[in-house]
Each structure stands twice: as C-alpha cells, then as structure tokens.
Amino acid sequence: MTDPALLQVDGLSVDYLTPQGSARACSDISFTLRRGEILGVAGESGSGKSTLITALTRLQRPPAVTSAGRIVYHPADGEPVDLVAQSERALRRRRWRQLAIVMQSAMDCLNPVMRLGAQFTDVLRTHDPSLDRAAAWQRAGELVRMVGIAPDRLPAYPHELSGGMRQRSLIALALACDPDLVVMDEPTTAVDVVMQRQILAQVLRLRERFGFAVVFVTHDLSLLLELADRIAIMYAGRIVEIGSSADLYHRPKHPYTKGLRDSFPPLHAPLRELSGIPGSPPDLRDPLPGCAFGPRCPRAHAACEQAVPPLRTVEAQDVACVLYDPQNPEATAHA
Amino acid sequence: MPDTPVPAPRGTSDSVAPVLEAVGVSKHFEVRNRGGNNAVVRAVENAGIALHRGRIVALVGESGSGKTTVARILGRFYAPTEGEIRLHGRPVAAGGIARRDYFRKVQLIFQDPFGSLNSLHRVRYTLGRALKLHGHARSRREVEDGVIDLLRRVNLTPPEQYLDKFPHELSGGQRQRVVIARALAVRPEVLLGDEPISMLDVSIRLDVLNLLAKLRDEEGLALLYITHDIASARYLCDEIDVMYAGQLVEGGPKEAVIQSPKHPYTRLLLDSSPDPGRSLAAGSASEGLFTATGELGEPPDPADPPTGCRFHPRCPFAMDECRESFPERTEFPDGQWVHCWLHQKGRAHLLAPAPPAQSLKETRP
Amino acid sequence: MLNGILRKWNVRIGLGIFALALLVAFLGPWVAQSLIGWSGHQVDYHAIGRPPGHGHLLGTNTAGNDVLAQTVLGARGSVFVGLVSAVLATVLAAAVGVPSGFVGGRYDRVMTAFTNVFLTLPSFALTLIVAGYVQGAPWLMIALIIAVFEWPGGARYLRSQTLSLRGRDFTVAMRMVGETRLRLVFFEVMPHLTGIISAMFLRAMVAGIFAEAGLAFLGIGSTDTISWGTMIADAHSQSAILNGQWWWFVPPGLCIAVLGMATALVNFGIDEITNPRLSAAGRRLVKKFHAARAAGRRAAGPAAAETAGRST
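Residues numbered from 1 in each chain as written. Chains lettered and ligands numbered in written order. Predicted model: local features only at pLDDT ≥ 70, side-chain atom pairs only at ≥ 80, totals over all residues.

Another aspect to go through is the packing of helix α4 (residues 116-127) of chain A against helix α5 (residues 133-146) of chain A. Residues and elements named next belong to chain A. Packing of α4 against α5 leaves a shortest axis separation of 9 Å and a crossing angle of 115°. What the angle tells us is that α4 and α5 run roughly perpendicular. Remark: the crossing between α4 and α5 carries right-handed chirality. Contacts between α4 and α5 pair G117, F120, T121, L124 and R125 from the former with R133, A136, W137, R139, A140 and L143 from the latter. In terms of residue class, the contact of α4 with α5 is made up of six nonpolar, two polar and three charged. (Axes fitted to C-alpha atoms, helices over the stretch in contact; angles between N-to-C directions. Helix = DSSP H or I, 4+ residues; strand = E, 2+ residues; numbered from the N terminus. Parallel < 35°, antiparallel > 145°, perpendicular 65-115°, else oblique. Left-handed = near helix turned anticlockwise from the far one by under 90°. Contact = placed C-beta atoms within 7 Å. Nonpolar A, V, L, I, M, F, W, Y, C, P; charged D, E, K, R; others polar.)

Given below as structure tokens:
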C-alpha cells in the first residue's frame, strides 16, 4: 500500500432531520482511500452504507445533511480540496471527470427515451466541448466494447437491452471521462450470479487498466471478500472494523464482523451449523450510550454500555470494540 | 418422477412415496410480443420434482429460469399446460382435489414478508383466522393458546410479546416467522418457499433457514426451497435440482451436485457464486472451465428459446446433438442425474474431475 | 396511518369546516330564529334590499329577507343534498366497484361496461333533463338524481384498487389459508380502501352541493326550500349584480367555495401522508440547519468554524 491517498474522509457525520429530532445515519466515519484501491463497504439495511455513498458524492437529498467532517480529495494535479465545503457548481465539474457513480438500478439511471449512444455522447461532449459528434460516437463505441457490449448496440434504447447489459453500460458510462474514483452502490444486486461475476471481473480488469479507485457498497460480504482490497464493516452508522479482505475473513476482530462472516454458508468448505446474528438492528433515532451492537453481541459485558468504543488499531486492522481496549480487564488481546 | 432413486430417508421411515410431486409439468404462456403477434413463452418444460416427508429439495436457478413458475404450479396459481401434480399419489387436476383440501396439505411462503401480511391486522388476528378456518381452534381461549403455540414453534419468544403487534412493528425476520407460523396453523405436510430469505437482512437469514430445518427434522415437513443462492441451498437442503431456461438440467444429493457437477451450467453457476473460502485460499487459482471474464452470453429469451438443450449457445462443449434435441436423463449410482449429451456421448471426462474454480482476483486480461 | 392523517393541520382545518357546515345545516332554523332573530322567510318591510348593517348583519334581499338567516337556512338545503347524494354515490360506487374488481371475469366485464356507459354520459346535462322532468321535486329526489350520475368515476377507481389488492401477497396468502370470500373482501381488502372511500365521499359531497347549486340556478328544484343555489338564482333573477347588491350573492357563493377548499385541504393532507416526497417539512428543516450552521460559523469566526462544525 504505497499508493498515494486519493480520498481522506475524516469524522464524517450525516444526519436525517425530522420534526421529531434528527437521526444520525453516519457517525464519525474516517478512512483513507488510496489510488487504485477497491474499498468495500459492507453492512445491512440501516447500517448507513448507502447514506455514506450519497454523502461521499454529495448527492444526498433533504432531509439528509452532512453535519460534520471533511472529505478531502487529492487530485492527480493540484491542491487537495474538501468536497464538503465545495459549492454545487464546483462539484458538478468534478463529477464524471474525477468521481463517478454507478447506482443499483440501471433502469433508473439511464434515460429511457434516449438511445444508449446519445447518453454517452451527451456526457462526453458536456465534459469536452471540443469533441465533435462523430468522435464522441467513436469513443462511445470504445467504451461499451470495454464492458463487452458490441458497439452496434449503441442505437438501442435502454429497454431493448438486458438487465446485465444495462448495468454494464452504466459502468462504461461512469468511466467515460476517466475518473479517479468510481463509487458503486450495490451495482450487481439486480442481476444474476453469473452476470454479477462477469461484471465484477470486468470492473477488476478495467481497474487494472485505468487505475481508478472504487468504493463498493453492498450487503453481500461474501462478494466483497473476493473483490475488495480492503473492507469497512458498518453497523448502525459507524465503521466497526476496517482491514484487508484476508484479515477480515481469517481473523475478524469485531464480534459483528465475525457474525456477518458466519452468516454466509460456505459453498465448498465443510458444513457446520451457523447461527447468523440474533436480534435486530437498533433504532438510529434513539441511540444507545454505548456500543450499538451490544444488545445483539454474544460477548457483551458491562464495559460495552459505557461509551461508544473508538476505532483502535489491533494488529493489521482497525476495530471499534472494548474487547481490544488495553484498559478493559475483560479484554482479550486475541479474542 | 417415479424413476428417481429415492435416497435413504432421513428420520422417519414412512417417506418412500413422495407427499407431493410434479410429474412432467410444462407451462406455456400466451403473450403478445412487440410486433403485436401472439407468442408462446415456454416457461417450464417437462419438469419433475418429488417432495418427501422430512426432506428439503432446493430448486436452484437464475431469474427467468422458471423456478418461480414451478412453485406457482405447485401452489395452484395456475394449472400446468402438460403433466400433472400429485398429492399422495392422487392427481390434482381440475375436480381431482378441491383447492380447500389441497391447501390443507400444501402451503406457500412468499418472498416478501411485508407484502404477505396484511398491514392492518395484528399477529393475533392473522394467525387466529388461520386456526379457526380449519377448526383447529374454536373458543377464544383455544385460539389464544393456539396462536401462542404457533409463535413458540417459530421461535418468537416470549410469544405474548408478539400477539398484539402489527406487521410494521416487527423486523423482517420476525415477519417472515409470522408468515411461516400462519402456514403452519393449517397443519400442512408440505411447505413451498419461494426465495423465503432473499428479502431479509443477511444476519437473520440463517435464523430462518435454521427454523425451516427444524420444521423438517422435528415435524417431518416436506419442503421445496426455491432460490438463486446455491450456497444457502447447500446449507439447508438434502437434494438440489438445477433449472436453466425452463428445463431441469441436473439434480441429486446436494454434495454430489455441488462437489461434482455433471452439467456445464451447474459448473458455471458454482464458479460464479461467491465463495470467499475459495478465492482467499492462496494459490488455488488455476484455469477454470469458464474464464470469468469471457463473454458467456445471457440466458435465452423464453419466448424464443434455442432448440435442443437450451444451454448450448453458452456451452463450451456444445455439439451437433445439443442443438437438435434435449438429451435423455443420465443417472448415477448415488442418485445424481443430469440431462447432458456429454454423458450420452462418452465425453464426460471433459467436465470431471472438476479443477479448483478460479478466483475473481486472479483473473487477468 | 389514520392518526397521521388526522394530525395534519390542513386535514384538521378541512374536516373542521365540514363539521361546522353539518352543524349549521342541522341547527339552521334554530340558529336563524334565536341567534339572528330572523327566520329567513320572514320579511322586514322596513328593510328592502338594504346593504349590511341596520340590524341585518349581511343586509337584506329585495324581498326583505335577512341574507344571513337565508345563508344559514340555505346550508340545510345545500349540505343535505350534498350529504345524501354523497352517501348514495359512495355506496353505489363501492357496491359496483369492489365486487367487480374482486370477482373479475365475466361479472367484471359486464359491470365495467355498465360503469363506462354511465361514465361517458354527459352527466350534468342529463341531471338537468331528469330534474326538469320531475319539476318541483323535493330535495331528496334532487339528491338521488345527482347521486345516480356521481358514482361511476368512484366505482372505476375502487375497481382498479381492489384489483391490485386482490393480487397482493397478503390476500393470496389468506386465500390459501382458506379464508372465505366475504371475509377476504370485508376484512382484507376493504380496510385498505377506507382512505380512498372517505376522500371520495368528501369530493362527492362537494360535487353534490355544486350540482344542486347549478340546478337551482337554472330554476330546477323545489321552489320553497332555501339553498345556497336558490339564493344565487334569486339574486341573479332580481339583477343583484347590476344593482350592486353584492351582499346577496357573495355569502352563499363564498360558502360553496369554502367547502370546495375544505375538500382540497383534506386531499392535500392525505397526499402528503401517502406520498412522503411531497412533504415540505424535510426541505424546511435542511434550510434551517444550514442557516444555523452559517450563523454559528460567522459568530465563531472562520478559524473556529471547523471545530464548531464537528461538535454539532
């Protein structure tokens, strides 16, 4: 990991404002994303992973607001900028060129009444007005070929394409302006496993070629373990553990990470009874004083209820759990 | 499928004859295509499935493979175009077994636990009605006791706490338990689960799977588990049947199907399914049959399926026979069976022994 | 859900207006006699066509009747016709639409055709003709005639809603458990339609009031009952507009308009609940939040802004 930092997220918090008070959907999120790195963000519904995505790209809609923190972006050339403080206009210039987004539902992101090719040329020519129509169409053909779609499909309308093709063209569209960072929000949940694998293999191949970094959000940890370089596990709006895929799989530290890993039955390893995680996620409007996972945690004890544990570096990963607090008498260094 | 070798029954011994079976069922839908002409969608072709007491069969396939159509034929949403459904060996055609009597024995669990509970009724009402309708409880006291017993059986404890809850006050997993409890209230012999966990949060899916396994083991229910997730099928089921584009292509005891797939499509499905144990086990990468980056095409349009074996346009081993006709069933001693010309033509060695699957990250252009 | 709707201010005001109109309609004669002192039919020979004031809060018409008393009495004529026609129309709509959507098949096709025929009829013109035919009919008859032409739209809407509810998983599941048809309709499907039916009812009521006013204006209907419609018709026939006697026709006109507004308020409220994206509250809160932050930043000075932001 010698690559320079691309994105430094520092103390990011996102609140949903309601007349009854606010709910903190993302709380004090900090991580560093390096150039060309794939960071997976895994969590269940309500863990704040999608909120994090919209906050990173500043696409959140009211009543969500970024209430604290910084997102420092380091362009390849030029000074680092804090995306939180940027104006909407300045951001619009950065989107596509520097950061691109791939959403879950391709049908919602593609314009249903525009031919696929026209959507590409639109984006290309908006960001490079010197490009003429023919050159833009040419470039669009190259882009879709990259994701395994024949350029002769460019005149098709989105509804004439299969779900997998739509999702792949969305990825090609995101890469149109050669961004540094591609943010993906469950880009493969709507497609089948075979197609999912093809799409992800393509993403990896393209990353190899263009060197963009990816933040990949999904509920499917088993997928991330294969795909991502590093994984952040989110629970109740906080990162509870972050580390390399191999470390998280073989040596998970946080009881939640462990539970989540064991929620995916293996395909080839010997079967044993697995239990998942009993209970249900907490209500974000009424946060607990201590660790939010406490009520569901098999190793909960008195210290868990006192304060929200901070992220601490334990061996190769960072984990937010009192079991790793050196001051905690219950702590076991190698839990 | 009377000719299916029945594997050794688990638990009780009265499970030789299937409780519910689909024999050679096909379902064709008439639709209007884009040109305005009538077209026939061949959603399911000649499928056979047998459900035995105390056993769980998984039906695995991608969306559009026809697995949900099979569930709906078994749930009597519509009658099969060809073939028949048999309950305890009796055909369930029009007039054969009344719907009411059928649903006393066979119940369906839907995919979306929120949609399948009426949001305006409390748990007590929903479960109580199911009990009363079948005369399993009459007086107020009996209904209350019956509902409490049901809640306990689906591990919603303490049951008193859930009696007066509305669906929106429950979590996804709890709702699906109530749905299962409602099905159990009828005292059925067969449960059909159409992707019963795919809309639940990851951490509670196993809980529901464990509950289904408990119902099989303790109450001897026969279960059909329909899913796209072959890893969960392996965890829960006894037998796995694989469906592709409306055709059942392979089936048998789960470990046989997963550890030594006999059909190229099953191989593709297994290679494509995430399995962290595989890719993170260092050095296991070797060339798989399918390079994950290769263009493998997509499932066919069910209104215009390929001739013969419907997988042949995507199959690396496709031969002339594959394009002409669908192969007969090849059976193996351990109960596994497959519809593939490779086995009919003595080319099975192309598939076996299965080399370790390739990991996603090792893929290089 | 019902509680959420009742908590909306616009729904509360709308329903309040309806309640007030009903109250006035029921107590009308008593209110006129004992609170205003004029019965509405009584003639004040000393005050013919007087503007507001001089013992007549809203003036008098050219026949010497107190306008306020007439407006209060007219509420009964208008609101009762609206109420009865709305009850009839809603019951008819539900009785035709819900079974049609639930049963489906041939029954549905026949009923849909029947509904469509009624829907395409030029309803007001026909109401006019039928009402003209039964010249001088009592208000109950008028209400009946209005209702007959009022139900088809509602029936169609209820049919489509029922159709979708019938196919929903929870209905299918209860059917599989063995629930009877009647209970499926009344206990599984109908409860989901109560919101739609009540909104429909309010709309039908206002439409009934409008229709009655229209008929009265055209001189059709009973001549001896007072309604807001007959008041406007009388004002018109006596050239109240030309004579500048605005106090004669404005009060009944305003009453009709206010009731129309009340339905709109209730419907907006229901919309906001069923479609949360319309809710303006979120946007307002975000604006307030940013304003507060900006103010905090100015107060703390640019150097402290970062830490202040983080501690919120």
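The interface is formed by 40 residues belonging to chain B together with 43 residues belonging to chain A. Every element with two or more residues in the side of chain B that touches chain A is listed here: α6 (202-219), α7 (230-236), α9 (264-272) and α10 (276-280) of chain B. No other element matches the six residues that α6 of chain B contributes to the side of chain B that touches chain A. Residue composition of the side of chain B that touches chain A, grouped by class: 17 nonpolar, 13 polar and ten charged.

On to the environment of E150 of chain C. Residue and element names in this part refer to chain C. On the secondary structure map, E150 appears in the loop between α6 (139-148) and α7 (151-167). Accessibility expressed as a C-beta count within 10 Å gives 27 for E150, which makes it buried. Non-local contacts of E150, meaning those with residues more than four positions away in its chain, are made with S85, A89, A204, A207 and G208. (Buried ≥ 20, exposed ≤ 12 C-beta atoms within 10 Å, placed from the backbone.)

Membership of the largest hydrophobic core comes to 203 residues, with the highest contact counts inside it found for F216 and I233 of chain A together with A58, L74 and L224 of chain B. Dropping the residues within four chain positions of it, L74 of chain B is found in contact with L20, A22, I85, V106, L192 and L224 of chain B. Counting 64 residues, the second-largest nonpolar core is a separate cluster that includes F80, A211, I232 and W248 of chain C. (Core = buried A, V, L, I, M, F, W, Y, C linked by C-beta atoms within 7 Å.)

So, on to the sheet that holds strand β5 (residues 90-91) of chain B. Residues and elements named next belong to chain B. What the four strands build is an open sheet, ordered β2-β1-β4-β5; its pairing is antiparallel. Two strands close off the open sheet at either side, each with one partner strand: β2 (38-51) and β5. The pairing of strand β4 (residues 82-87) with β5 spans two bridges and is antiparallel. Looking at the pairing, R86 lines up with P91 of β5. (Pairing = 2+ DSSP bridges.)

As a further point, take the environment of P309 of chain A. Residues and elements named next belong to chain A. In this structure, P309 sits in the loop between α10 (255-261) and β11 (312-314). Of the residues examined, P309 has 22 C-beta atoms within 10 Å and is grouped as buried. Taking the C-alpha atoms as reference points, P309 and S162, separated by 147 residues in sequence, lie 46 Å from one another. Beyond its immediate stretch of four places on either side in the chain, P309 contacts C291, A320, C321, V322 and D325.

Another point: α7 of chain C. Counting along an α-helix, one turn takes 3.6 residues, and residues three or four places apart therefore face a common direction. Residues and elements named next belong to chain C. For α7, with 17 residues, the first-to-last C-alpha span of 25 Å sits near the 24 Å given by 1.5 Å per residue. For α7, the complete set of buried residues consists of W151, P152, G153, G154, A155, R156, L158, R159, T162 and L165. The inward-facing, buried residues of α7 contact α3 (67-103), α4 (105-120), α6, α8 (169-177) and α9 (181-217). (Expected span 1.5 Å × (residues − 1).)

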